[in-house]
There are 2 protein chains.
Amino acid sequence: MIVYDKKYDVIVVGAGHAGCEAALAAARMGRPTLMLTINLDAIALMSCNPAIGGLAKGHLVKEIDALGGEMGRNIDATGIQFRVLNTKKGPAVRASRAQADKQLYRLRMKHVMEQQDDLDLKQVEVTGLVIEDGEVVGVDTRGGVRFLGKTVVLTTGTFMRGLIHIGLVNYPGGRAGDLPSIGLSDGLKDYGFDVGRLKTGTPARLDGRTIDFDRLEKQYGDENPIPFSFSTERIEQPQVPCHIAYTNPRSHEIIRSGLDRSPLYAGIIEGIGPRYCPSIEDKVVRFPEKDRHQTFIEPEGRETVEVYPSGMSTSLPIDIQWAFYRSIEGLERVEIMRPAYAIEYDYVNPIQLHASLETKLVRNLYHAGQINGTSGYEEAAAQGLMAGINAALRVQDKDPLVLGRSEAYIGVMIDDLVTLGTKEPYRMFTSRAEYRLLLREDNADLRLREKGHAIGLVQEEVYSSFLAKKELIESELVRLSKERLAPSAAGEELLEEWGLVGIQNAISYEQLLRRPEFTCQDLSRVYPAIMDLPEQVREQLEIQIKYQGYIQRQLEQVDRSARLESTRIPEDMDYGTISGLSAEVREKLARFRPDTLGQASRIPGVTPAGITILSIALKARYGR
Amino acid sequence: MIVYDKKYDVIVVGAGHAGCEAALAAARMGRPTLMLTINLDAIALMSCNPAIGGLAKGHLVKEIDALGGEMGRNIDATGIQFRVLNTKKGPAVRASRAQADKQLYRLRMKHVMEQQDDLDLKQVEVTGLVIEDGEVVGVDTRGGVRFLGKTVVLTTGTFMRGLIHIGLVNYPGGRAGDLPSIGLSDGLKDYGFDVGRLKTGTPARLDGRTIDFDRLEKQYGDENPIPFSFSTERIEQPQVPCHIAYTNPRSHEIIRSGLDRSPLYAGIIEGIGPRYCPSIEDKVVRFPEKDRHQTFIEPEGRETVEVYPSGMSTSLPIDIQWAFYRSIEGLERVEIMRPAYAIEYDYVNPIQLHASLETKLVRNLYHAGQINGTSGYEEAAAQGLMAGINAALRVQDKDPLVLGRSEAYIGVMIDDLVTLGTKEPYRMFTSRAEYRLLLREDNADLRLREKGHAIGLVQEEVYSSFLAKKELIESELVRLSKERLAPSAAGEELLEEWGLVGIQNAISYEQLLRRPEFTCQDLSRVYPAIMDLPEQVREQLEIQIKYQGYIQRQLEQVDRSARLESTRIPEDMDYGTISGLSAEVREKLARFRPDTLGQASRIPGVTPAGITILSIALKARYGR
Ligand SMILES: Cc1cc2nc3c(=O)[nH]c(=O)nc-3n(C[C@H](O)[C@H](O)[C@H](O)COP(=O)(O)OP(=O)(O)OC[C@H]3O[C@@H](n4cnc5c(N)ncnc54)[C@H](O)[C@@H]3O)c2cc1C
Ligand SMILES: Cc1cc2nc3c(=O)[nH]c(=O)nc-3n(C[C@H](O)[C@H](O)[C@H](O)COP(=O)(O)OP(=O)(O)OC[C@H]3O[C@@H](n4cnc5c(N)ncnc54)[C@H](O)[C@@H]3O)c2cc1C
């Protein structure tokens, strides 16, 4: 290997959604950063659905944005249909989603990366890590070059030993049309990493010219598209609709007729697939009673005829694919442009990670994205961001940034991964978060902007406009609690309309706003100036006031568990010497090696009694 | 293999510059066409320099356009610097060149193909041909599908058994970042094709942010960019400059120091490279006396920092690349984004082709582009166009369209390929054409539009505006020959200025225009209306009148050889039975199997005497 003369602080392997955020974060924090990828033309390529966000995933995007990441701004600039989901439900589960122009999405991300100071981009396949005394010091590449770096972030996605399946046919590939990554995961195994096999699948890409859209239901985005990023003013680009179609009993018949040639059912695929994101054959097998399944036919861009039938992923043979897609009403003549396929790939069990995403086995090595067993762009991006941040902090000899389960979905996800590990593709859900009312999309900036700024990722300009917003909310909350409506001052009519007839005392604006269905718009009848506040501020006033009670209760829960979460367990803790632990608890702790008492408490099989003993032992030995 | 139910008239394998033109031509001629490619995101990707046209290549683009191809319109829509070369020289060697925004170029081409009726696009690797009784009937693919087609056009570029070299490191790939095509060429060998090995190389892509452009010379495009296509009105998009830099003796020292690790000089590369497009190490070795070589630093697009240093291709090891590029003034800090590399690939000797580009061994199978041993986008596109046309004509049971050496550069190129074969990458040069004055860029439409229209490729609207232009030229030529300037009518001053003082007789406008340096602009002083004619028409008047004598002489030469060119030799001609032929001539004819006497006359080793004997034999046997 020939050693490159420039030495980097952070080397990021991979330019998927994880790699891009990792590299941008490290570079924006001023660390000389190198991003290596197999193909510079496939930066931030969307391997599967051309969309960002959705339930719980939208939360991740907002958190990424709040911390200073790029995903939100990138989709704002290239989205072609924005929708807020669950608008009828409580603010905790409201979520943003947008469809992307896939080519523009990747081109813009490449452009942003190219404009970033302290960031070099190079096209080359990484074939191995350079490790000295348990510490990573660089990477070796296919071209015969060794790049040296103080830290390395691996974000290899579905590429490591990627194997593509279409029916009983299979061949190596990192993604359809892409070269796989060979060699890297063998090296990881040699260093003691628990390398496993997962699989995921994608539907066919269909030729929109051969679909009878007139016979399908149209679905439009929101009339006033709301941006993802807290710093995007407005979505300017034109929006397009997508279409809804359904399978039918005949479709399911066709699918069943192909199961004997399904690589999954024939036992050829060993990797475990995503339960929550099943292929169409899984759905048909698991829910035999359902006589139809819905699909959104989503455009892949404004300038292409390629469309993506969501939820219709499959690894069935190609003849079954033809017959099945054509069995759908409106798709009778459809031509497949790219076949559906499943892909198996190597991942590394994330229990071998610290909460900083640094590996426990090799110092200064971080893993982020699909390599950690997750699936989804947003999950990948969020981890990439944290890994990039923590690599940059490490180089600066600073403590890692670890988000708690009460601070961010990102914290929930990473905690889940590193304390529980995963044997199947992990995806974010709102149900995974115990403090859902605290972790809303709308307050992601209030939760995280300061942290992003403290580590140098959120720029001053963005930060000061955030501070102004925050102060406005606070001062306005005070005002609303003080200003009162005297029954005498309100007209008869208003009292009647608001159901306040007969009240004796003045009622504060805050009290008014606490009432269900009562909005700032309503309040403006007695306090017109409230409508001059920015919409984002009014939204906070409504939510914070309406849900104050619930929020308060969750905050108290957080307080109660704070001690557990903040009690660190030394890396070299010898569980064998703690008397009183059951054999099972001891074995679990030794295997998972939790970073904190909080993590320890979430390891399945570790009992509350065990936690108490461990806690006493920590106090006795380290005074923690 | 599972057989696809739809049967195509034309199947095009590959979506490079050859594949795109082939597929568009066949579909535009109304034939149900299928284009298959390894990666739909890499349609019309420019593997090497981000530019179209140049000497002789510009001629090809204009001819492609005149026949109804797409390359000219595509570069017109996405070019970022247009220049006409050789404007100081005669009209025969004037040539257009434009730099492209590489990503926009490929995206627009994909868009055009997607909008084309009768054209299906599918992503899949072709692994073999289906041949029955010496006739191709379809292709087999990696996904396990057999597609049936009445004709097949192979345009595999550099992908067949592609092997990438960087120094002594090598690995399979169709292009950097792309999967190779495996299996197809083995099958071709089995059918008796003479499969050889060629190589080509590309420079590194450099990070424009690390180049000191202020220290380099700027080169701007033409102030009024002139479109390639005869149907583009105007170039609207903003134009950008490129920059000129030079190697120096130290660069050459560095290069020499790496030669022992050059795959070429170390004998690892067996494929033959392009002589006229040498790598920088070739230049340094072959011209030891030169102490510098020039490079144009060309942007790869308006939105990217990647730049292309033309003429600086190399397969030297990466450490030599670093040192060498950085030895260039202004590039001292340069970062390589994608390394330079050479690629070896399989091609099929084009002497196994008819002039229609149909193979002689397998009926209905056509080869076009780099698979025929050529190099260059324009060469590929021109062949692709002809192969697509001829496949479509075959399906309609029509005679092939074969362009003569006096009709088009395309004719020269294909005739060269099929009569001489090639053992090294073939590139178009003006010097290859014997009738250069007939084959100008400016008259490509006059030469070829009618042919393009006759086969149904040039659309009516385009055609009628062509006819109008043609008629205008003809009527105007008549007018110019009739209208005269009487000495009495011209003022004293004008006569003096034009050097006509003392002439007795009236002089025709044509005579005036024939004088060197005399332009329509000059003539407008006595015939102002001439400036109302479109510029393209005035250009024709000047050129046709000024060069009439030379043109006439070349036309007479063409006439003389017309009989040879039009005399067809039957496919099953048995040369063994013609008495009088020397053993060598007999062997050459039997091996090359020329389609016409003209082709036969150009086979090296076939003597004029041999041609006379052959000609007599043909007349005797077939009355030709
Ligand atoms: C077929 C398919 C179906 C999917 N289906 C779903 C789904 O249904 N739902 C869902 O949520 N998600 C799905 N995904 C997953 C989603 O695409 C990923 O979760 C997401 O892209 C992961 O991002 P990443 O950054 O971790 O990796 P990727 O986006 O895969 O990017 C990996 C990057 O690493 C680079 N790389 C890899 N190895 C090397 C190396 N050795 N050297 C240099 N560079 C390297 C690659 O070139 C690439 O740039 C699917 C993915 C695929 C391929
Ligand atoms: C490294 C490099 C350097 C070059 N340098 C020069 C140069 O200096 N000067 C110059 O003039 N030209 C150069 N070229 C050549 C130029 O790029 C080609 O001449 C031109 O692109 C050829 O066009 P094509 O259509 O024949 O093939 P390509 O552009 O190579 O396209 C081939 C297409 O076929 C597809 N394909 C291949 N096999 C299969 C299969 N089995 N199944 C399905 N699809 C398949 C590919 O996916 C691709 O779409 C270089 C090319 C490379 C790669």
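Given the structure is predicted, the values throughout are model-derived calculations rather than measurements. (Residues numbered from 1 in each chain as written. Chains lettered and ligands numbered in written order. Predicted model: local features only at pLDDT ≥ 70, side-chain atom pairs only at ≥ 80, totals over all residues. Heavy atoms only, no water.)

Undergrad: Describe the interface of chain A and chain B, naming the residues involved and giving the relevant values.
TA: Listed by partner, the interface residues are 52 residues for chain A and 52 residues for chain B. For the pairing of chain A and chain B, the buried interface totals around 4300 Å² over both sides, and the portion due to carbon and sulfur atoms is 49%. Applying the counting criterion to the chain A and chain B interface returns 10 salt bridges. Taken together, the links from chain A to chain B amount to 36 residue pairs in polar contact (both at pLDDT 80 or more). No other element matches the 8 residues that helix H4 (residues 102–115) of chain A contributes to the side of chain A that touches chain B. The class makeup of the residues in the side of chain A that touches chain B is 23 nonpolar, 10 polar and 19 charged. (Contact = heavy atoms within 4.5 Å. Buried area = accessible area lost by both parts, 1.4 Å probe. Salt bridge = Lys/Arg side-chain N within 4 Å of Asp/Glu carboxyl O. Polar contact = N/O pair within 3.5 Å; in protein donor to acceptor, adjacent residues only side chain to side chain. Helix = DSSP H or I, 4+ residues; strand = E, 2+ residues; numbered from the N terminus. Nonpolar A, V, L, I, M, F, W, Y, C, P; charged D, E, K, R; others polar.)

Undergrad: Go over the pattern of salt bridges with me, naming the residues and quoting the values.
TA: Evaluation of the coordinates by the stated rule reveals 100 salt bridges over all chains. One salt bridge connects A:Glu476 with A:Arg479, and the closest N-O pair in it is separated by 3.2 Å. Of this pair, A:Glu476 and A:Arg479 both sit in helix H12 (residues 460–482), separated by 3 residues, roughly a single helical turn. As a salt-bridge pair, B:Arg363 and B:Glu135 come within 3.8 Å of each other at their nearest N and O atoms. A residue pair is termed long-range when its members are at least 10 positions apart, and B:Arg363 in the loop between strand E19 (341–348) and strand E20 (365–367) and B:Glu135 in strand E8 (residues 135–141) qualify at 228 residues. For B:Glu135, a relative accessible area of 31% gives the class partly exposed. It is possible to trace a salt-bridge network through shared partners that takes in A:Asp5, A:Lys6, A:Asp120, A:Lys122, B:Arg326 and B:Glu335. (Buried < 20%, exposed > 50% of the residue type's maximum accessible area, 1.4 Å probe, protein only.)

Undergrad: Kindly report on the pairing of strand E9 (residues 145–154) of chain B, identifying the contributing residues and their values.
TA: Residue and element names in this part refer to chain B. Counting buried positions along E9 yields 7 of 10 residues, so the element is predominantly enclosed. Judged from the 8 bridges that link them, strand E1 (residues 2–13) and E9 form a sheet pairing that is parallel. Each bridged residue has a counterpart across the sheet, and for Lys7 the counterpart in E9 is Leu148. Looking at chain direction, E8 and E9 are connected through 3 bridges and run antiparallel. Among the inter-strand pairings, Gly138 is bridged to a residue of E9, identified as Leu148. (Pairing = 2+ DSSP bridges.)

Undergrad: Can you explain the site of ligand 2? Please cite residues and give values.
TA: Residues and elements named next belong to chain B. Among the 34 residues in the neighbourhood of ligand 2, the closest are listed as Ala18, Val126, Ser181, Gln370 and Gly376. Lys57 is positioned such that a nitrogen or oxygen atom in its side chain is 3.4 Å from an oxygen atom of ligand 2. With respect to ligand 2, the backbone of Gly201 contributes an N or O atom lying 3.1 Å from a nitrogen atom. Relative to its free-state accessible area of 980 Å², ligand 2 is covered by the protein chains to the extent of 97%. Secondary-structure elements contributing two or more residues to the shell around ligand 2 are helix H1 (17–28), strand E2 (33–37), strand E12 (195–202), E19 and helix H9 (377–395). (Near = heavy atom within 4 Å. Areas by Shrake-Rupley, 256 points an atom, 1.4 Å probe, with all protein chains shown as cover.)

Undergrad: If you had to explain the packing of aromatic side chains to someone new, which residues and values would you point to?
TA: Considering all chains together, one arrives at 18 aromatic pairs over all chains under this definition. Ring geometry for B:Phe82 and B:Phe228: centres 6.4 Å apart, planes at 55°, overall tilted. Residue B:Phe82 is located in strand E4 (residues 79–85), and its partner B:Phe228 is located in the loop between strand E14 (217–219) and strand E15 (242–246); the two are separated by 146 residues in the primary sequence. You'll find B:Phe82 and B:Phe228 in the same group, each marked buried. Here a set of aromatic residues connected by ring pairs shows up, and it is made of A:Tyr4, A:Phe147 and B:Trp322. A cation over an aromatic ring shows up here: B:Arg142 above the ring of A:Tyr171, its NZ or CZ 5.8 Å from the ring centre. In this structure, B:Arg292 packs its charged tip against the face of B:Tyr246, placed 3.6 Å from the ring centre. (Phe/Tyr/Trp six-rings, centres within 6.5 Å; stacked < 30°, edge-to-face > 60°. Lys NZ or Arg CZ within 6 Å of the ring centre and 35° of its normal.)

Undergrad: Explain the sheet that holds strand E11 (residues 169–172) of chain B to me, using residue names and the numbers behind them.
TA: Hydrogen bonding along the main chain pairs the strands of a sheet, whether they run parallel or antiparallel. Residues and elements named next belong to chain B. Strand order in this open sheet of 4 strands is E11-E10-E19-E12, and the pairing throughout is antiparallel. One side of each edge strand has no neighbouring strand; the edge strands of this open sheet are E11 and E12. Across the sheet, the mean angle separating the axes of adjacent strands is 25° when strand polarity is ignored. The sheet contact formed by E12 and E19 spans 8 bridges and is antiparallel. Bridging from a neighbouring strand, Leu198 pairs with Tyr345 of E19. (Axes fitted to C-alpha atoms, helices over the stretch in contact; angles between N-to-C directions.)

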